[in-house]
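Given next are the chains, with one letter for each unit.
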Amino acid sequence: MLVGVIVDASLWNILHDGGIERIEGAVPGDVVVHVSIPYLRSRFGGNGIGFVVRLSGCTQFMFRPYDEPPVSDVTAIVALSPEILSAEPSDPLEVACVMGSLLLRYVAASISLDTGGLVTLSELDAASKSYWDEWSARNRAR
């Protein structure tokens, strides 16, 4: 299920607050990113806590901490516990995280529930908008 291309930032913006729990694969090639984001995952039922993002044709996957040299080793990136904040279209795609930025280049992305069910980008977007609308309404009422 195609959901993005090299400069498509929308998937990463929807995964705002998601923590990168595990990365599999190698560059160049396909890379699988496990993102924990319980509040959004709970909108899809089941016992999972996150999503699996598959990056096809990945030619760059690097984390650039704010005060350290860039890191390309996926195990070292996971150890830094990046939390996704936002993304802007660029080349490479830059995903802002709490402690730095992910720099990504890939051909296509697909996303699934961490329990294996497929989810479309529009379903993910609708669930996110619904969550944040409810969050805003709760906080306005205070």
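These figures come from a predicted structure and were not determined experimentally.

1. Regarding the packing of aromatic side chains
So, step 1. Summed over the entire model, instances satisfying the criterion amount to five aromatic pairs.
So, step 2. With centroids separated by 4.9 Å and ring planes inclined at 85°, the aromatic side chains of Tyr131 and Trp132 adopt a geometry described as edge-to-face.
So, step 3. Trp132 sits in the partly exposed class, given a relative accessible area of 26%.
So, step 4. With a centroid separation of 5.4 Å and 70° between ring planes, the pair formed by Trp132 and Trp135 is classed as edge-to-face. In this pair, Trp132 and Trp135 both sit in helix 4 (residues 121-140), three residues apart, roughly one turn of the helix.
So, step 5. Here Trp135 falls in the partly exposed class, since its relative accessible area comes to 37%.

2. Quick notes on the confidence of the model for the protein chain
So, step 1. Per-residue confidence for the protein chain gives a mean pLDDT of 91; residues scoring 70 or more make up 94%.
So, step 2. Below pLDDT 50 for its whole length, residues 1-7 participates in 24 contacts with residues either more than four positions away or in separate chains.

3. Overview of the pattern of salt bridges
So, step 1. The tally for this structure, following the rule as stated, stands at six salt bridges.
So, step 2. The residue Glu94 makes a salt bridge to Arg64 at a minimum N-O spacing of 3.0 Å. Note that Glu94 is positioned in strand 6 (residues 93-97) and Arg64 in strand 4 (residues 60-65), a separation of 30 residues in sequence.
So, step 3. A salt bridge links Arg105 to Asp91; its shortest N-O distance comes to 2.8 Å. Of this pair, Arg105 sits in strand 7 (residues 100-105) while Asp91 sits in the loop between strand 5 (84-88) and strand 6, and the two are 14 residues apart along the sequence.
So, step 4. For Asp91, a relative accessible area of 54% puts it in the exposed group.

4. Focus on unusual backbone geometry
So, step 1. A cis amide bond links Val27 to the next residue, Pro28, at an omega of 0°.
So, step 2. Looking at where Pro28 falls in the secondary structure, it is placed in the loop between strand 1 (19-25) and strand 2 (29-36).
So, step 3. In this model, Asp91 is joined to Pro92 through a cis peptide bond whose omega is 5°.
So, step 4. Relative to the helices and strands, Pro92 resides in the loop between strand 5 and strand 6.
So, step 5. With a phi close to 80°, Asp17 is a non-glycine residue in the positive phi region.
So, step 6. Relative to the elements of secondary structure, Asp17 occurs in the loop between helix 1 (10-14) and strand 1.
So, step 7. The residue Ser81 is not glycine, and still its phi comes out positive at about 50°.

5. Concerning the state of the cysteines
So, step 1. In total, this model carries zero disulfides according to the counting rule given.
So, step 2. Its sulfur unpaired, Cys58 is 14 Å from the next cysteine sulfur, which belongs to Cys97.
So, step 3. Here Cys97 falls in the buried class, since its relative accessible area comes to 0%.

6. Some remarks on the pairing of strand 8 (residues 108-113)
So, step 1. Counting buried positions over the six residues of strand 8 gives six, a clear majority of the element.
So, step 2. Burial along strand 8 is two-sided: Ala108, Ser110 and Ser112 facing one way and Ala109, Ile111 and Leu113 facing the other are all buried.
So, step 3. When strand 3 (residues 50-58) meets strand 8, the two strands line up antiparallel, connected through six bridges. Residue pairing for strand 8: Phe51 is matched across the bridge by Leu113.

Definitions and limits used
Residues numbered from 1 in each chain as written. Predicted model: local features only at pLDDT ≥ 70, side-chain atom pairs only at ≥ 80, totals over all residues. Heavy atoms only, no water. Phe/Tyr/Trp six-rings, centres within 6.5 Å; stacked < 30°, edge-to-face > 60°. Buried < 20%, exposed > 50% of the residue type's maximum accessible area, 1.4 Å probe, protein only. Helix = DSSP H or I, 4+ residues; strand = E, 2+ residues; numbered from the N terminus. pLDDT = per-residue confidence, 0-100. Contact = heavy atoms within 4.5 Å. Salt bridge = Lys/Arg side-chain N within 4 Å of Asp/Glu carboxyl O. Disulfide = S-S within 2.5 Å. Pairing = 2+ DSSP bridges.

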